[in-house]
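# A look at the structure
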Amino acid sequence: GIDGDARIDAGDRRVRPAAEVYLDNGHLDVDRVVETLATAAEDVGVDHEGLCAVGENSWCFRTENDSEDMATFEAAFDARSSDLPAVTLCQYGLDDFDDEAIAKALRSHRYVVYRETLCRNPYYVPPDEYAGTDEPGPNAALMLQQTHDIAQSRRQIERHKQRLSVLNRILRH
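What comes next is a walk through the structure. All of these numbers come straight from a predicted model, not from anything done at the bench.

### Remarks on the overall build of the protein chain
- When helices and strands are counted, the protein chain shows 7 helices and 6 strands.
- Starting at the N terminus, the α and β elements of the protein chain follow one another as α-α-β-β-α-β-α-β-α-β-β-α-α.
- When its C-alpha atoms are laid out on the principal axes, the protein chain stretches across 70 × 45 × 30 Å.
- Buried positions account for 32% of the 173 residues belonging to the protein chain.
- Relative to all contacts within the protein chain whose residues are 6 or more apart in sequence, the contacts with residues 24 or more apart total 67%.
- As displayed, the protein chain has an accessible area near 11,400 Å², and 49% of this comes from carbon and sulfur atoms.
- Here the protein chain carries 19 positive and 33 negative side-chain charges, and the mean point of each set is 13 Å from the other.

### Quick look at the nonpolar core
- Within the largest apolar cluster, 25 residues are counted, with the highest numbers of intra-cluster contacts made by Tyr22, Leu28, Trp59, Phe73 and Ile102.
- No other element matches helix α5 (residues 99-107), which puts 5 residues into this core.
- When residues no more than four places from it in sequence are discounted, the contact partners of isoleucine 102 are Tyr92, Gly93, Leu94, Phe97, Ala140 and Leu144.
- Listed in part, the 6 residues of the second largest apolar core include Ala40, Ala41, Leu51 and Leu84.

### Quick look at unusual backbone geometry
- The phi dihedral of arginine 115 is positive, around 55°, even though this residue is not glycine.
- Within the element layout of this structure, arginine 115 appears in the loop between β5 (111-114) and β6 (117-120).
- Positive phi, normally seen in glycine, also occurs at glutamate 116, with a value near 60°.
- Judged by relative accessible area, glutamate 116 falls into the exposed class, the value being 83%.

### Topic: a nonpolar patch on the surface
- On the surface, Val54, Leu89, Tyr111, Val113 and Leu118 cluster together to form a nonpolar patch covering roughly 500 Å² of accessible area.
- By the secondary structure assignment, tyrosine 111 is in strand β5.
- On the accessibility criterion, tyrosine 111 (47% relative accessible area) is partly exposed.

### Description of the packing of aromatic side chains
- Within this structure, the stated rule accounts for 3 aromatic pairs.
- Ring centres 6.1 Å apart and planes at 20° place the aromatic pair phenylalanine 73 and phenylalanine 77 in the stacked group. In this pair, phenylalanine 73 and phenylalanine 77 are both assigned in helix α4 (residues 67-81), 4 residues apart and thus about one turn of the helix distant. Considered together, phenylalanine 73 and phenylalanine 77 belong to a single accessibility category, that of buried residues.
- On the numbers, 5.0 Å between centres and 65° between planes, the contact of tyrosine 92 with phenylalanine 97 is edge-to-face.
- By relative accessible area, which is 18% here, tyrosine 92 ends up buried.
- Through pairs of rings, three or more aromatic residues link up here, namely Tyr22, Phe73 and Phe77.

### Digging into the environment of glutamate 56
- Its location among the elements puts glutamate 56 in strand β3 (residues 51-56).
- The partly exposed category is assigned to glutamate 56, whose relative accessible area is 36%.
- Sequence spacing of glutamate 56 and glutamine 91 is 35 residues, and the spatial spacing of their C-alpha atoms is 4.7 Å.

Conventions adopted
Residues numbered from 1 in each chain as written. Predicted model: local features only at pLDDT ≥ 70, side-chain atom pairs only at ≥ 80, totals over all residues. Heavy atoms only, no water. Helix = DSSP H or I, 4+ residues; strand = E, 2+ residues; numbered from the N terminus. Buried < 20%, exposed > 50% of the residue type's maximum accessible area, 1.4 Å probe, protein only. Contact = heavy atoms within 4.5 Å. Areas by Shrake-Rupley, 256 points an atom, 1.4 Å probe, with all protein chains shown as cover. Lys, Arg positive; Asp, Glu negative; His and termini not counted. Charge placed at Lys NZ, Arg CZ, Asp CG, Glu CD. Core = buried A, V, L, I, M, F, W, Y, C linked by side-chain atoms within 4.5 Å. Patch = residues over 30% accessible without salt bridge, like charges linked within 9 Å, V, L, I, M, F, W, Y side chains within 5 Å. Salt bridge = Lys/Arg side-chain N within 4 Å of Asp/Glu carboxyl O. Phe/Tyr/Trp six-rings, centres within 6.5 Å; stacked < 30°, edge-to-face > 60°.

So this is what it looks like as structure tokens:
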């Protein structure tokens, strides 16, 4: 129910080309992008609750950058953004990236949305540990499926705990 055009006119919503956000003369400048996003989050936080940003990453195939550059950016932004008023969503098309690139992306994100389910990511590696890891990733499809399965199992466990709590109260009476 949000009028996107009205939000653009009001200055609350901006849609920018990936090249404008990520690239400097055709190259990904990790430090510049991280600081640009951090500054935007700090500026937006003054008037609103924070920054909400969505990035679609297939643009890197049309540049000299590769998935390793994206992984470096993701880890650097993760390290910088922990204290910022920002919620970000990075989109990776599973058909666009190879298994190794998806596995690297998974290691740099605390949460994953997969099959319409928000999942805590068991493969997440904190930024200070992530730097310099060049181990090959396991099968990304398997990682995603396991992440989804764990999230579903956690939900089932919580439902069972709630039911047991109700049953316990009934039995005590």
